[in-house]
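# Overview (structure and organization)
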Amino acid sequence: MEYPPPPAKPQLSSRANAFSIAALMSSGSSKDKESPESTIKPLEQFVEKSSCAQPLSDLSSLDPHGDFSSSPSSLCTEPLIPTTPIIPSEEMAKISCSLETKELWDKFHELGTEMIITKSGRRMFPTIRVSFSGVDPEAKYIVLMDIVPVDNKRYRYAYHRSSWLVAGKADPPLPARLYVHPDSPFTGEQLLKQMVSFEKVKLTNNELDQHGHIILNSMHKYQPRVHIIKKKDHTASLLNLKSEEFRTFIFPETVFTAVTAYQNQLITKLKIDSNPFAKGFRDSSRLTDIER
């Protein structure tokens, strides 16, 4: 497959440059530009270059708050990790990934899971929590998550039928983003002992978001994906993920429709009943009208 030539590098401030989508991808010419002094931090070490190839940026000035900005023209809207399955190496093929709280996810899936998206960003509930087995205890791994469209359709909720119906063609794709788990890199030993929780992931519909939240279109269906990448000790720069050892795991029960307000009242009730942070909603019956 041939890729189009990389576009001209946008002029960004050092702060914006550090966290632009371009900074999360590499190009073939980047190796010539790098020096040992420009070694980037391990957290950003293994983010894949998609077909929207763009120059590598130095991430050595990483901002701990994760704020960044970039011009719309510099944003990639294709998944940063291939959506077509790649045959894993024999070692990576041994790795298994299990979805925690699957019973809860199943309950939502039966009703048609909805996730709220806001301008400022909203956390997911249920939360994506996974556990791994079959990893090498001595190796190090990067764990990431992204969320990709299920199809190219837009949906609407038919209240009289209590179901989602296709409403037309999907809206234009939004900037693709990866969420690298903040505790990465993990040792294999850590992954064998603990689960990995993505409770800090936030969803937004703000195309100009500067906080690294995952940007989604409302009334579209999405599939979260979990990726595990084996960290190479000798690597000191961003590489094309196609040269890395990685596995992608998909759990069909985590498919959801992004909404700005819940459409299905049963989903609203299940969220309130299941979410420990929704305690205020459950206790509201005890309040007076004035207190409400």
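Structure's up top.
All values reported here derive from a predicted model rather than from experimental measurement.

### Description of the overall build of the protein chain
- Within the protein chain, the regular secondary structure consists of seven helices and 15 strands.
- In the protein chain, the share of contacts with a sequence separation of at least 24, taken over all contacts with a separation of at least 6, comes to 80%.
- In the form shown here, the protein chain has an accessible surface area of approximately 15,400 Å², with 53% of it arising from carbon and sulfur atoms.

### What about the environment of Val150?
- Along the chain, Val150 falls in the loop between strand 5 (140-149) and strand 6 (153-158).
- Its relative accessible area of 41% is what places Val150 among the partly exposed residues.
- The spatial distance from the C-alpha of Val150 to the C-alpha of His220 is 8.2 Å, given a sequence separation of 70 residues.
- Those residues within four positions of Val150 in sequence are excluded, and the remaining contacts are Lys221, Tyr222, Gln223 and Val255.

### Points about the pattern of salt bridges
- Using the criterion set out here, one finds eight salt bridges in the structure.
- With its nearest N and O atoms 2.6 Å apart, the salt bridge here joins Lys230 to Glu91. Taken together, the residues Lys230 in strand 13 (residues 221-230) and Glu91 in helix 3 (residues 90-93) connect sequence positions 139 residues apart.
- For Lys230, a relative accessible area of 16% translates into the label buried.
- One salt bridge connects Lys102 with Glu253, and the closest N-O pair in it is separated by 3.5 Å.

### So, the sheet that holds strand 4 (residues 129-133)
- If you walk across this open sheet you meet the three strands as 1-4-10, and the pairing is antiparallel. What marks the edges here is a single partner per strand, and that holds for strand 1 (96-99) and strand 10 (196-197).
- Summarising the sheet, strand 4 and strand 10 pair through two bridges and their orientation is antiparallel. Bridged to Arg129 within strand 10 is Ser197.

### Examining helix 4 (residues 102-111)
- Taken together, the buried positions of helix 4 are Leu104, Trp105 and Phe108. The buried residues of helix 4 occupy an angular sector of 100 degrees when projected down its axis, which confines them to one face. Structural note: helix 4 exposes Glu103 and Glu110 on the side pointing more than 90 degrees away from its buried face.
- On the buried face of helix 4, the contacting elements are strand 1, strand 2 (114-116) and helix 6 (265-274).
- Where helix 4 ends, the next residue or the one after it, Gly112, has phi of about 100 degrees, a positive value.

### Details of the layout of surface pockets
- Counted as a void, the second largest pocket has a volume near 530 Å³.
- Residue lining of the second largest pocket: 18 residues in total, with Arg123, Met124, Phe125, Asn275 and Phe277 positioned closest to the centre.
- Contributing elements (two or more residues each) for the lining of the second largest pocket: strand 2, strand 3 (122-123) and helix 6.
- Ranked by the residues each element gives to the lining of the second largest pocket, the list is headed by helix 6, at three residues.
- The residue inventory of the lining of the second largest pocket, partitioned by class, reads ten nonpolar, three polar and five charged.

### Quick look at the packing of helix 4 against helix 6
- Between helix 4 and helix 6, the shortest axis-to-axis distance is 10 Å and the interhelical angle comes to 165 degrees. Comparing their axes, helix 6 and helix 4 come out roughly antiparallel. When the axes of helix 4 and helix 6 are compared, the crossing they make is left-handed. Along its contact with helix 4, which presents Leu104, Lys107, Phe108 and Leu111, the element helix 6 presents Leu266, Ile267, Leu270, Lys271 and Ser274.
- For the contact of helix 4 with helix 6, the residue count by class is six nonpolar, one polar and two charged.

### Notes on unusual backbone geometry
- For the bond from Phe125 to Pro126, the omega torsion is 0 degrees, close enough to zero to count as cis.
- Note on placement: Pro126 falls in the loop between strand 3 and strand 4.
- Put simply, Ser184 and Pro185 share a cis peptide bond, and its omega is 0 degrees.
- In this fold, Pro185 is placed in the loop between strand 8 (179-180) and strand 9 (186-187).
- Phi is positive for Ser162, close to 50 degrees, though the residue is something other than glycine.
- Within the fold, Ser162 resides in the loop between strand 6 and strand 7 (163-169).
- In the Ramachandran plot, Met219 falls in the positive-phi region, its phi being about 65 degrees despite a non-glycine side chain.

### Observations regarding the sheet that holds strand 11 (residues 202-204)
- Reading across from one edge, 3-11-12 is the order of the three strands in this open sheet, with mixed pairing throughout. The sheet is open, and its two edges are formed by strand 3 and strand 12 (214-215), each paired on a single side.
- Taken together, the two bridges between strand 3 and strand 11 define a ladder with antiparallel strand orientation. Counted as the bridge partner of Arg123 is Lys202 from strand 11.

About the criteria used
- Residues numbered from 1 in each chain as written.
- Predicted model: local features only at pLDDT ≥ 70, side-chain atom pairs only at ≥ 80, totals over all residues.
- Heavy atoms only, no water.
- Helix = DSSP H or I, 4+ residues; strand = E, 2+ residues; numbered from the N terminus.
- Contact = heavy atoms within 4.5 Å.
- Areas by Shrake-Rupley, 256 points an atom, 1.4 Å probe, with all protein chains shown as cover.
- Buried < 20%, exposed > 50% of the residue type's maximum accessible area, 1.4 Å probe, protein only.
- Salt bridge = Lys/Arg side-chain N within 4 Å of Asp/Glu carboxyl O.
- Pairing = 2+ DSSP bridges.
- Arc of directions from axis to C-beta.
- 1 Å grid on protein atoms, 1.4 Å probe; cavity = no way out; pocket = protein on both sides within 12 Å on 5 of 7 lines; lining within 4 Å.
- Points joined across faces, edges and corners; volume = space filled by probe spheres on them.
- Nonpolar A, V, L, I, M, F, W, Y, C, P; charged D, E, K, R; others polar.
- Axes fitted to C-alpha atoms, helices over the stretch in contact; angles between N-to-C directions.
- Parallel < 35°, antiparallel > 145°, perpendicular 65-115°, else oblique.
- Left-handed = near helix turned anticlockwise from the far one by under 90°.

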